[in-house]
Amino acid sequence: MFFVFTFASAILKTNNTKNILNLMKNLILASFAILGFTTLQAQQNVTLNVRLKPIQTLVVNNAQKIVNLDYETKDDYANGVSSLNADHLSIYSTGGFQVKVKGGNDVLQQGGKNIQANTIQIIASAGSDAVNGAQYAQNVHLSSSETTLLTSSTGGVDKKINIEYKGAGNNTYLDNYIAGQGPTVYTTELTYTIISQ
C-alpha cells in the first residue's frame, strides 16, 4: 500500500514518461522483494515403517480328519496297508517354514494288547499346488516327539501337501486282533504343526 501511494505521488509530481517507467519498474522489483521475504517454507519429516510379522496357518482337509488303515486280507498283513490322502494339508506361510508331526503316544493300546507307534510311517509329498523348493523328509515314523516332515526356505499361499499313512507289513500286527471284536481298533491322535524358520 505504501508503494502504491509513493508511485501515485511520483506520477503527480512528474510528467516525464521515462521517470514513470522507472518508477513502475522499481515498484515491481520492490514488490517481488517483499513477497520473497514474506513467503515462508516449512518442512517436517515422517518415518514410515513397513512392519512384517510372521503368519503361518496349517489346515487339515476336513474330509480327511479320520484315516483308517484297514487290514482285511492275508496280503494286507503280509505287505502292510497304506492310505494316501491327496491335499491332506493346506498351508500359508510368510517366509520359510517347517511342518512337523507327532502322535499322542508311542504305544497304541487296546484290551491289554498294543501296537508300537513307530511301526506306522508318515510320508509327505507335493500336493496339487506344491510348495516351491520344499524338501520332504524320508522314512518318518510316528512318534510322540515332533518329527519334521518338510522344510521350505520360501513361503506360500494355500500350498497343498499330500500325506500317506503306511502301516507295517511282515505280519507285524498278526497277534493284535482281539477275538469277538470286529474290527479291533487301535487309535492315536496326530498333531501337525507349522513353524517359521
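A quick note: this is a predicted structure, and the numbers were derived from the prediction, not measured.

1. Here's the deal with the side chain of asparagine 162
No. 1: Examined against the element boundaries, asparagine 162 turns out to sit in strand 10 (residues 156–166).
No. 2: Residue asparagine 162 is classed as buried on the basis of its relative accessible area, which comes to 12%.
No. 3: In terms of polar contacts, asparagine 162 uses its side chain to reach the backbone carbonyl oxygen of alanine 126, at 2.7 Å.
No. 4: Aside from chain neighbours lying at most four places away, what touches asparagine 162 is Leu84, Asn85, Ala86, Asp87, His88, Ile123, Ala124, Ser125, Ala126 and Gly127.

2. A few points about the sheet that holds strand 6 (residues 121–126)
No. 1: With respect to topology, 5 strands assemble into an open sheet ordered 1-2-10-6-8, the strand pairing being antiparallel. Each edge of the open sheet carries a strand with a single partner, namely strand 1 (56–60) and strand 8 (140–141).
No. 2: Examined bridge by bridge, strand 2 (residues 82–93) and strand 10 share 8 bridges and lie antiparallel to one another. What sits directly across from serine 82, in strand 10, is lysine 166.

3. Looking at the environment of lysine 160
No. 1: Looking at the element boundaries, lysine 160 is found in strand 10.
No. 2: With 72 residues separating them along the chain, lysine 160 and histidine 88 place their C-alpha atoms 7.2 Å apart.
No. 3: A polar atom in the side chain of lysine 160 sits 3.0 Å from the side chain of serine 90.

4. Regarding the nonpolar core
No. 1: The biggest cluster of nonpolar side chains holds 27 residues, and the ones touching the most others in it are Val99, Ile122, Leu149, Ile161, Ile163 and Tyr192.
No. 2: Of all the secondary structure elements, the ones that give two or more residues to this core are strand 2, strand 3 (97–103), strand 6, strand 9 (147–152), strand 10 and strand 11 (190–196).
No. 3: In this structure tyrosine 192 touches Leu58, Val60, His88, Leu89, Val99, Lys100, Val101, Ile122, Leu149, Ile163 and Tyr165, once residues within four positions along its chain are discounted.

5. Quick word on the pairing of strand 10
No. 1: Where strand 6 lies against strand 10, 6 bridges are found, and the strand directions are antiparallel. Bridge pairing links alanine 126 to isoleucine 161 in strand 10.

What counts as what
- Residues numbered from 1 in each chain as written.
- Predicted model: local features only at pLDDT ≥ 70, side-chain atom pairs only at ≥ 80, totals over all residues.
- Heavy atoms only, no water.
- Helix = DSSP H or I, 4+ residues; strand = E, 2+ residues; numbered from the N terminus.
- Buried < 20%, exposed > 50% of the residue type's maximum accessible area, 1.4 Å probe, protein only.
- Polar contact = N/O pair within 3.5 Å; in protein donor to acceptor, adjacent residues only side chain to side chain.
- Contact = heavy atoms within 4.5 Å.
- Pairing = 2+ DSSP bridges.
- Core = buried A, V, L, I, M, F, W, Y, C linked by side-chain atoms within 4.5 Å.

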